[in-house]
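Geometric and topological summary
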Amino acid sequence: MPELTESIAQLIGEFAKLPGIGKKSAERLTYHILRVRKTEALLLAEAIRNVKENVRYCRTCYNLAEDEECTICRDPRRQRDLLCVVEQPRDLIALEQTDVYRGLYHVLLGKVAPLEGIGPEQLTIDALVRRVRGGSIKELIMATNPTIEGDGTAVYISNLLSGVPLRITRLARGVTPGSALEFANKEILTDALSGRQEF
Ligand SMILES: [Zn+2]
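Overview of the structure.

**Description of the overall build of the protein chain**
- For the protein chain, the helix and strand inventory stands at eight helices and seven strands.
- Based on the C-alpha atoms only, the size of the protein chain along its principal axes is roughly 70 × 35 × 35 Å.
- A buried classification covers 39% of the 199 residues belonging to the protein chain.
- Taking the contacts inside the protein chain whose residues are at least 6 apart along the sequence as the reference set, 55% of them involve residues at least 24 apart.
- In the protein chain, 27 side chains carry a positive charge and 27 a negative one; their mean positions are 2 Å apart.

What follows is the structure, encoded as C-alpha cells:
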C-alpha cells in the first residue's frame, strides 16, 4: 500500500469517525474530495463551520435554531396551548413532515436512561415543567419513542405534572413498540397523532 500523505491520512481519519462510515468509505470520500475543485470541496468545510457556529438550541423548546427562538416557536399560526414532547430534534422533524400537527413542541434532548447514566436532570425536563406551570398550555402530547426508556421518560414527566390542571395524552400505538419515531412513516405518525389517548 502506497504511503499516505499526512493530510490525506488525517482526512480519512476524520471521515472514519462519522457514524456509519467505515475505513473504505472514508477513503472513498477522501479521494472524492481530492478530485473535486477546491471551491467545491471548501463548501463542505464551510457548511460544517456554519452549523457549528450558527446552530443552537431554541431557548423556549430546545429545537435546533439559528436565532434565539426556532421558526416553529416564532410562527404566529401555531396553536400555542398544545405542546408535543419529543426526545430529539429529528423526532420533531418526523412529526412536522406529517403536516398534521399545528401545536408547539418541547424537545427533551434525550431520554431518561438509568443504565446509561442519564438522569432527568440531564434533559430539559425542568424547562418543560416551568413552561407548563407558566400557564397557557392546555394539552401535553407525549411523543417519546415507544421503547422502555421512552415510555419511562413519559411516565416520569406525567408524574411530575400530576398536580397541574392539564390534559396529558400520548401518541396512539401505531408506532411499533421498540421502534423509533424518526423512522415511522407519515401515515403511521398521522394516525398516532389523531388517535392519541389519555395518558
Ligand atoms: Zn422553539
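Back to the write-up after that little detour.
**What to know about the environment of Ala16**
- Topologically, Ala16 is positioned in helix α1 (residues 6-16).
- A relative accessible area of 32% means that Ala16 is categorised as partly exposed.

**Structural notes on the pattern of salt bridges**
- One pass over the structure, following the stated rule, counts 13 salt bridges.
- Of the charged contacts, one joins Lys23 and Glu27 as a salt bridge, the two residues approaching to 3.3 Å between their closest N and O atoms. With Lys23 and Glu27 both in helix α2 (residues 23-35), this residue pair falls four residues apart, about one helical turn.
- When its relative accessible area of 54% is taken as the criterion, Lys23 is described as exposed.
- Given the relative accessible area of 14%, Glu27 is considered buried.
- Note that Glu27 and Lys24 form a salt bridge whose closest N and O atoms lie 3.5 Å from each other. Of this pair, Glu27 and Lys24 both sit in helix α2, three residues apart, which is roughly one turn of that helix.
- Ionic contacts of the salt-bridge type, sharing partners, join the residues Glu139, Arg167, Arg196 and Glu198 into one network.

**Concerning the pairing of strand β5 (residues 139-142)**
- Here β5 shows no split at all, with Glu139 and Ile141 on one side and Leu140 and Met142 on the other all buried.
- Inspection of the sheet shows strand β3 (residues 82-86) paired to β5 by four bridges, in the parallel sense. Within the sheet, the bridge partner assigned to Leu82 lies in β5 and is Glu139.
- Across four bridges, β5 lies against strand β6 (residues 167-170) in parallel orientation. Each bridged residue has a counterpart across the sheet, and for Leu140 the counterpart in β6 is Ile168.
- Taken together, β5, helix α7 (residues 148-160) and β6 form a β-α-β motif whose crossover is right-handed.

**Some points on unusual backbone geometry**
- The phi dihedral of Asp99 falls on the positive side, at around 65 degrees, and the residue is not glycine.
- Its location among the elements puts Asp99 in the loop between α5 (89-96) and β4 (104-107).
- Phi angles above zero are rare outside glycine, and Leu109 is one such case at about 60 degrees.
- Here Leu109 lies in the loop between β4 and α6 (125-133).

**Concerning the coordination of the zinc ion**
- Ligation of the zinc ion by protein atoms is provided by Cys58 (SG), Cys61 (SG), Cys70 (SG) and Cys73 (SG), these donors lying 2.3 Å from the ion.
- One chain supplies every donor for the zinc ion, spaced along it as C-x2-C-x8-C-x2-C.
- When its relative accessible area of 4% is taken as the criterion, Cys73 is described as buried.

The rules behind these values
Residues numbered from 1 in each chain as written. Predicted model: local features only at pLDDT ≥ 70, side-chain atom pairs only at ≥ 80, totals over all residues. Heavy atoms only, no water. Helix = DSSP H or I, 4+ residues; strand = E, 2+ residues; numbered from the N terminus. Buried < 20%, exposed > 50% of the residue type's maximum accessible area, 1.4 Å probe, protein only. Contact = heavy atoms within 4.5 Å. Lys, Arg positive; Asp, Glu negative; His and termini not counted. Charge placed at Lys NZ, Arg CZ, Asp CG, Glu CD. Salt bridge = Lys/Arg side-chain N within 4 Å of Asp/Glu carboxyl O. Pairing = 2+ DSSP bridges. Right-handed = clockwise from strand over helix to strand, strands pointing away. Donors = N, O, S within 2.8 Å, 3.2 Å for Na, K, Ca; no water.

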